[in-house]
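Observations on the three-dimensional arrangement
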Amino acid sequence: MVDGTQDITSTEQESICFRHVDAELRVKEDFVGLYELPDTTGNTIASVIFDVLTRLSLSHCDLRAQTYDGASNMKGPYNGCQAKALFKSVASEESTHPATVASVRPLCPTRWLCRLPAIASVLDNYEIILCSLQELSTSGTGETSVKANGLFDRFEKGHTLLGLQMAMKPIAILEQLNSTLQARSANVSGMLEAARIATKEIRSSRSDEEFLGLYEATEQKIKEYNLEPLQLPRRRRVPQRLAGEGVQYTPDNPKKYYREKYFSFVDNITVQLEDRFDPSKSGLGDYVQLEEVLLGTRNDMNIVKRYPELNADALAVQLPMFRHTTGASSLYASVAAYRQMPPEVRALFPQVKAIMQLLLVCPVSSSECERSFSTLRRLKTWLRNTMSQQRLNATAVCNVHSEILDEIDIHHVAKEFSTRSKIRRKIFGTF
């Protein structure tokens, strides 16, 4: 898993993490370091990843999956990191209580889990925000007054309140989906099922009843806050070359106009979700087929031949025996049943264990890399902006893996340090 960000000195830092599955089928994600890049091209990122694998004595032949964000330098089909020789092969194989006033939260441009609280805090404090902006626009000076006046003009319009109300439910569902997919234990099949449920729930809000409820509730708030009523925007004629010869449709009242906008908003979300989580487009189809082989819903074993650690003949014997023994109907049930088996019984299913490891090792998101960015912000501050890359990397690893450091015997480390040379023994003595 690879993701990048800029530190306090605007230096590009690439975070690299590894996801692996141990013998007990426990999924682990480990941060291995931050690496400074001269540029962010796909070639440079791929070269750094190759270098890290070499330094850690990890064979690229053992890679079975990769995760990257939507940036073109990562997912680009021609010059992106995944298009390089190694990663291309991996990608192809693989209520009654009184209301309380809360503070207004900022809208984070990168963290999706901060979107809903920001919108909710604005809606809960809309009237207070209006008063504050009006006061700032009249009593403030300079740039602050200009910005406050512009925001006050926007917030006074009823369609701003309606837009926030329409975004609440879809954003809430998307935030729940994002929170689910950031779990370290998330796997491909669970991700696809969660995305399917979220898409279905968002699509269910595309109804006249849902929109009318939002519209009527917003109209009441508009009267309560004394905002500009909802009205049709200035009519814009679509060019004939785009609209065709037919008569152009134009809504004759605000309700019809905003109904169209609401449906378009919901449709756009569902289409994007379906496209994003389509196994045939995202390269996750192999993992879906592997799980079908594990659960017995697929008899075609051709997919097994694409993985060197799997033996189709051995699986043909072990899989039916494993299903009859456990009766598992999902990957999680299969993993739980395997963990409860004694060692002698586990020895009967080495190929079943291998196929479960392959299904668990594919990361769902690059959240582990994102978590390391918080460590980077804490470590490299303006007071430490001259920290060398080697020290930054070592400090970040120690901070992320603090539980390992807690188990180290400090006296043993001090003893080893002092006995490495005569000068140290004279200065520090013995422990």
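Scroll up to find the structure this text is about.
Residues numbered from 1 in each chain as written. Predicted model: local features only at pLDDT ≥ 70, side-chain atom pairs only at ≥ 80, totals over all residues. Heavy atoms only, no water.

What to know about the overall build of the protein chain
Short version of the rule: Only DSSP runs of H or I reaching four residues or more are called helices, and only runs of E reaching two or more are called strands; each is numbered from the N terminus. Relative accessibility under 20% of the residue-type maximum defines a buried residue, over 50% an exposed one, and the middle range a partly exposed one, all with a 1.4 Å probe and only protein chains included. What sets the accessible areas is the Shrake-Rupley method with a 1.4 Å probe; for residues, cover comes only from the shown protein chains.
The number of helices and strands found in the protein chain is 22 helices and three strands. Counting across all 431 residues of the protein chain, residues that qualify as buried make up 38%. Only carbon and sulfur atoms are counted for the fraction: they give 53% of the accessible area of the protein chain, which is about 25800 Å².

Some remarks on the environment of Thr11
The criterion, for reference: Only heavy atoms matter for contacts: two residues are in contact if any of them lie within 4.5 Å across the pair. Polar contacts, as used here, are pairs of N or O atoms within 3.5 Å; protein pairs need one atom able to donate a hydrogen and one able to accept it. Residues neighboring in sequence count only if both atoms are side-chain atoms.
On the secondary structure map, Thr11 appears in the loop between β1 (2–6) and β2 (12–21). Separated by 26 residues in the primary sequence, Thr11 and Leu37 place their C-alpha atoms 7.9 Å from one another. The contact partners of Thr11, leaving out residues within four places of it in the chain, are Thr5, Gln6 and Glu36. A distance of 3.1 Å separates the side chain of Thr11 from the side chain of Thr9, its partner in a polar contact.

Observations concerning a nonpolar patch on the surface
Put simply, the rule reads: Exposure above 30% relative accessible area and the lack of any salt bridge qualify a residue for a patch; like charges then connect within 9 Å, and the nonpolar side chains Val, Leu, Ile, Met, Phe, Trp and Tyr within 5 Å. A pairing counts as a salt bridge when a side-chain nitrogen of Lys or Arg comes within 4 Å of a carboxyl oxygen of Asp or Glu.
Taken together, Phe417, Ile423, Ile427 and Phe428 make up a surface patch of nonpolar side chains, about 440 Å² in accessible area. Of all the elements, helix α22 (residues 422–428) adds the most residues to the nonpolar patch, at three residues. Classification of Ile427 as exposed rests on a relative accessible area of 61%.

Thoughts on the packing of helix α8 (residues 188–204) against helix α11 (residues 254–276)
Condition: The angle between two axes is taken between their N-to-C directions and runs from 0 to 180 degrees, where each axis is a line fitted to C-alpha atoms and a helix contributes only its stretch in contact. Geometric relationships in this document are graded by angle, where less than 35 degrees denotes roughly parallel, more than 145 denotes roughly antiparallel, 65 to 115 denotes roughly perpendicular, and other angles denote oblique. Handedness of a crossing is defined here by the sense of rotation of the near helix relative to the far one, left-handed for an anticlockwise turn of less than a right angle and right-handed for a clockwise turn. All amino acids are sorted into three groups, where Ala, Val, Leu, Ile, Met, Phe, Trp, Tyr, Cys and Pro are nonpolar, Asp, Glu, Lys and Arg are charged, and the leftover types, Gly among them, are polar.
At a closest axis distance of 9 Å, the pairing of α8 and α11 adopts a crossing angle of 165°. Considering their axes alone, α8 and α11 lie roughly antiparallel with respect to each other. Crossing angle aside, the handedness with which α8 passes α11 is left-handed. Together, Thr199, Ile202 and Arg203 of α8 and Val266, Ile269, Thr270, Leu273 and Glu274 of α11 make up the contact between the two elements. Classifying every residue of the contact of α8 with α11 by side-chain character gives four nonpolar, two polar and two charged.

Comments concerning the nonpolar core
Convention followed: What we call a nonpolar core is a set of buried Ala, Val, Leu, Ile, Met, Phe, Trp, Tyr and Cys residues that are connected through their side-chain atoms within 4.5 Å.
Of all hydrophobic cores here, the largest spans 74 residues; its most connected members are Tyr126, Met191, Leu290, Leu294, Leu310 and Met356. Among the elements that line this core, the one with the most residues is helix α7 (residues 158–181), at 10 residues. The contact partners of Met356, leaving out residues within four places of it in the chain, are Leu25, Leu294, Phe322, Leu331, Ser334, Val335 and Tyr338.

Describing the side chain of Thr44
Topologically, Thr44 is positioned in helix α1 (residues 42–55). Not counting chain neighbours up to four residues away, the residues in contact with Thr44 comprise Leu37, Pro38 and Asp39.

Considerations on unusual backbone geometry
Most of the time, phi is negative for any residue but glycine, and the peptide bond is trans. One non-glycine residue, Leu25, adopts positive backbone phi at about 60°. Considering the arrangement of structural elements, one finds Leu25 in the loop between β2 and β3 (27–36). Judged by relative accessible area, which is 1%, Leu25 ranks as buried. One non-glycine residue, Ser57, lies in positive phi territory at about 55°. Structurally, the position occupied by Ser57 is in the loop between α1 and α2 (72–75). Residue classification places Ser57 among the exposed residues on the basis of a relative accessible area of 67%.

A few points about helix α13 (residues 285–295)
Those residues of α13 that sit buried are Gly285, Asp286, Tyr287, Leu290, Glu291, Val293 and Leu294. Immediately downstream of α13, the backbone of Gly296 shows phi near 85°, a positive value.

Details of the pattern of salt bridges
Note that side chains of opposite charge can pair when their charged atoms are close. Per the stated rule, a full pass over the model turns up 20 salt bridges. For Lys147, the salt bridge identified is with Glu143, shortest N-O distance 3.1 Å. Within this pair, Lys147 and its partner Glu143 are both found in helix α6 (residues 142–155), separated by four residues, close to a single helical turn. Asp300 serves as the salt-bridge partner of Arg298, at 3.8 Å between the closest nitrogen and oxygen. Relative accessible area serves as the criterion here: at 25%, Arg298 is assigned to the partly exposed category. A relative accessible area of 34% places Asp300 in the partly exposed class. Salt bridges sharing common partners tie together Asp22, Arg26 and Lys28.

Looking at the environment of Val238
Its place among the elements puts Val238 in the loop between α9 (208–225) and α10 (240–243). The spatial distance from the C-alpha of Val238 to the C-alpha of Gln248 is 7.9 Å, given a sequence separation of 10 residues.

Some thoughts on the packing of aromatic side chains
The test is simple: Geometry of aromatic contacts follows a simple scheme: Phe, Tyr and Trp rings, the Trp one being its six-membered ring, pair when their centres are within 6.5 Å, and the pair is stacked under 30 degrees between planes, edge-to-face over 60, tilted otherwise. Placement of a charge over a ring requires the Lys NZ or Arg CZ to be within 6 Å of the ring centre, with the centre-to-atom vector within 35 degrees of the ring normal.
Applying the stated criterion across every chain yields a total of eight aromatic pairs. Through successive ring pairs, a cluster of aromatic residues spans Phe211, Tyr215, Tyr262 and Phe263. In this arrangement the basic side chain of Arg424 is found over the ring face of Phe417, its NZ or CZ atom lying 4.0 Å from the centre.

Digging into α8
Because each turn of an α-helix spans 3.6 residues, side chains separated by three or four positions in sequence point in the same direction. Condition: Expected span of a helix: the number of residues minus one, times 1.5 Å. The arc in question is traced by the directions running from the helix axis to the C-beta atoms.
Here α8 contains 17 residues, and its C-alpha end-to-end distance of 24 Å stays within 8% of the 24 Å for a straight helix at 1.5 Å per residue. All of the buried residues along α8 are Val188, Met191, Leu192, Ala194, Ala195, Ala198, Thr199 and Ile202. Summarising the axial view, the buried residues of α8 lie within an arc of 165°, below the 170-degree limit, and thus occupy one face.

Overview of empty space enclosed by the protein
To keep it simple, the criterion reads: In this analysis the probe radius is 1.4 Å and the grid spacing 1 Å, with only protein atoms considered; a cavity is a set of points the probe fits into but cannot get out of, a pocket is an open set with protein on both sides within 12 Å along at least five of seven lines, and lining residues have an atom within 4 Å of a point. Grid points are joined across faces, edges and corners, and a volume is the space filled by probe spheres set on the points.
In this structure, the largest cavity spans a volume of roughly 50 Å³. Considering the residues around the largest cavity, the lining is formed by 14 residues, among which Glu29, Leu181, Gln182, Ala183 and Ser365 are closest to the centre. Of the residues forming the lining of the largest cavity, the biggest block, three residues, is contributed by helix α18 (residues 367–379). In terms of residue class, the lining of the largest cavity is made up of six nonpolar, three polar and five charged.

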